[in-house]
Amino acid sequence: MIALIDCNNFYVSCERVFDASLMGKPIVVLSNNDGCAIARSEEAKALGIDMGTPEHMIRDQLQAHNVRVFSSNYTLYGDMSRRVMMVIKELVPKAEIYSIDEIFCDMSNMPFTDLAALAAGIRETVMRCTGIPVSVGIAPTKTLAKMANRYAKKKFREIGVYCADSKEKTEAMLLFTEVADIWGIGRQHELKLQTEGCRMAADFIRLPQEWVLKEMTVVGYRTQMELNGTPCIKWEEVAPAKKNICTSRSFGQLVTSKREIQQALATFTSACARKLRAEKTCATSMHVFVQTNVHRKQDEQYLSSIVLDIPVASNCTTELMKFSMTALNILFKPGYKYHKTGITVMNLVPEKQIQLGLFDTAQRERDEKVMKALDDVNRQYGHDTVRIAKQEFNKSWKLRSNFKSKRYTTQFSELAPIKAK
DNA sequence: TCTGGGGTCCTAGGACCC
DNA sequence: TCTGGGGTCCTAGGACCC
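Because the structure is a prediction, the values reported are computed rather than measured.

Basis of the calculations
- Residues numbered from 1 in each chain as written.
- Chains lettered and ligands numbered in written order.
- Predicted model: local features only at pLDDT ≥ 70, side-chain atom pairs only at ≥ 80, totals over all residues.
- Heavy atoms only, no water.
- Helix = DSSP H or I, 4+ residues; strand = E, 2+ residues; numbered from the N terminus.
- Rg over C-alpha atoms; globule rule 2.2 N^0.38 Å.
- Buried < 20%, exposed > 50% of the residue type's maximum accessible area, 1.4 Å probe, protein only.
- Contact = heavy atoms within 4.5 Å.
- Areas by Shrake-Rupley, 256 points an atom, 1.4 Å probe, with all protein chains shown as cover.
- Pairing = 2+ DSSP bridges.
- Axes fitted to C-alpha atoms, helices over the stretch in contact; angles between N-to-C directions.
- Expected span 1.5 Å × (residues − 1).
- Polar contact = N/O pair within 3.5 Å; in protein donor to acceptor, adjacent residues only side chain to side chain.
- 1 Å grid on protein atoms, 1.4 Å probe; cavity = no way out; pocket = protein on both sides within 12 Å on 5 of 7 lines; lining within 4 Å.
- Points joined across faces, edges and corners; volume = space filled by probe spheres on them.
- Nonpolar A, V, L, I, M, F, W, Y, C, P; charged D, E, K, R; others polar.

Brief notes about the overall build of chain A
For step 1, the next point in the chain: Tallying secondary structure elements over chain A gives 13 helices and 13 strands in all.
For step 2, the next point in the chain: Relative to its length of 421 residues, chain A is compact, with a C-alpha radius of gyration of 24 Å against a globular reference of 22 Å.
For step 3, the next point in the chain: When its C-alpha atoms are laid out on the principal axes, chain A stretches across 65 × 65 × 50 Å.
For step 4, the next point in the chain: Per-residue burial for chain A yields a buried fraction of 46% across its 421 residues.
For step 5, the next point in the chain: Taking as baseline every contact in chain A between residues at least 6 positions apart, the subset at least 24 positions apart corresponds to 68%.
For step 6, the next point in the chain: About 22,600 Å² of surface is accessible on chain A, with carbon and sulfur atoms providing 53% of the total.

Next up, the structure:
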């Protein structure tokens, strides 16, 4: 049996751990740039605030109901996630971190027969150690475990556990779950299924296999198999190496000058290079794009991108910047109001196996030392404490982040204060 | 005025080879 | 008038995830 443990309203719960006055209040966490609502407390959901709604469309509602609003604080959420995962991994023999707030656990070799009771124990331990509430779904496959987790949240909120260990209990949640809420079925497949007269998961599992293969490819077929109790999705206890690494952001305000886009892109390139070094990989090509704001119908639109080969695979900030700046020189056209830029480094290869170019020199060794020093300093004092000249901060392009909480767990200067009476 | 960011996998079709 | 066939590799685009 497989358990899927999922943190409840994770970002909101993280904020609550450090501010008890937030309990029971409606809370919303916004995406980067304070753009959309991406996490909501139960109280906020009850007000009808939907996932992904732009902030400016719900601003009145937020004020009217005194909703507490936060900018996203990924430093805090990332660290809280690490803690939750660490606690859970201590309690089960085999686990796979699936996302910042979810983890699959293999429950097949546990020395307990009552899995629901075991799950309740895990919930309680995570709460005690981290302050984060979680829900647990248990079932024979990953897709069913995801469904059981959702079912637990919807139908057994207080218990927070659902164990689909019998035909009847599995059938109950298949009858309850709409096709759109099945893990692996998105907007397009939902529409197809609806025209086929298929509304609930219980209908979907009965569709002929030929139809599913033809209309939803093997991906949909695997989902169907999983819902029928046959595992098709393998375990990945150690995260497979990344194939691409991307850093991109919308600007806090529209930008017209090339110089400012250069600064932004240089900063994103630096972030990509740092991520590459953390993964111990090098990139052999990069994709760079610039674009205007597609939502502004009144503005002339421009979107362009380019892929450049990197002759000798690299994770050196200055080296990658040379290429991304070249790309920008090709892409940039004056006269547009730019909204976003970004870089994806691709075709990653392990640091150790780089094919040296014909004209490669001892430069590489020196670069490595410089990058290591740069990473060491920045790890200790915060990203971009030491940076490359091109990143020079003008900041007009910087993210909006007007409601950010402290980095309570990773910066000494931002620790939560404790009042002693 | 204001609409996130970072990923993966699959397929179809073109280029190329023998 | 007749105009091979089979295989691999690569890429763009679609769909999905959190």
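Looking at the sheet that holds strand β2 (residues 27–30)
For step 1, the next point in the chain: Taken in spatial order, the three strands of this open sheet run β3-β2-β4, and their pairing is mixed. Taken across any chain shown, the strands that pair with only one partner, and hence form the sheet edges, are β3 (37–40) and β4 (68–71). With direction set aside, neighbouring strand axes in the sheet form an average angle of 25 degrees.
For step 2, the next point in the chain: As judged from the three bridges shared by β2 and β3, these two strands associate in the antiparallel manner. Bridge pairing links Val29 to Ala39 in β3.

Some words on helix α11 (residues 258–279)
For step 1, the next point in the chain: If you check α11, its first and last C-alpha atoms are 31 Å apart, about what 22 residues at 1.5 Å a residue would give, namely 32 Å.
For step 2, the next point in the chain: Phi turns positive one or two residues past the end of α11, at Lys280, with a value near 55 degrees.

Brief notes about the side chain of Glu102
For step 1, the next point in the chain: Relative to the assigned elements, Glu102 resides in strand β6 (residues 102–106).
For step 2, the next point in the chain: We classify Glu102 as buried; its relative accessible area is 8%.
For step 3, the next point in the chain: Among the polar contacts made by the side chain of Glu102, one reaches the side chain of Ser99 at a distance of 2.8 Å.
For step 4, the next point in the chain: Once you skip the residues sitting within four places of it in the chain, Glu102 turns out to touch Leu4, Ile5, Asp6, Met85, Ile97 and Lys146.

Overview of empty space enclosed by the protein
For step 1, the next point in the chain: For the structure on display, the rule yields one cavity of 30 Å³ or more.
For step 2, the next point in the chain: Taken as a whole, the largest cavity holds about 60 Å³ of empty space.
For step 3, the next point in the chain: Every residue lining the largest cavity is counted, eleven residues in all, and those nearest its centre are Ser270, Leu374, Asn378, Asp384 and Val386.
For step 4, the next point in the chain: At the level of elements, α11 and α13 (363–381) are the ones that each hand at least two residues to the lining of the largest cavity.
For step 5, the next point in the chain: Sort the elements by how many residues they give to the lining of the largest cavity and α11 lands first, with three residues.
For step 6, the next point in the chain: Within the lining of the largest cavity, the residues separate by chemical class into three nonpolar, four polar and four charged.

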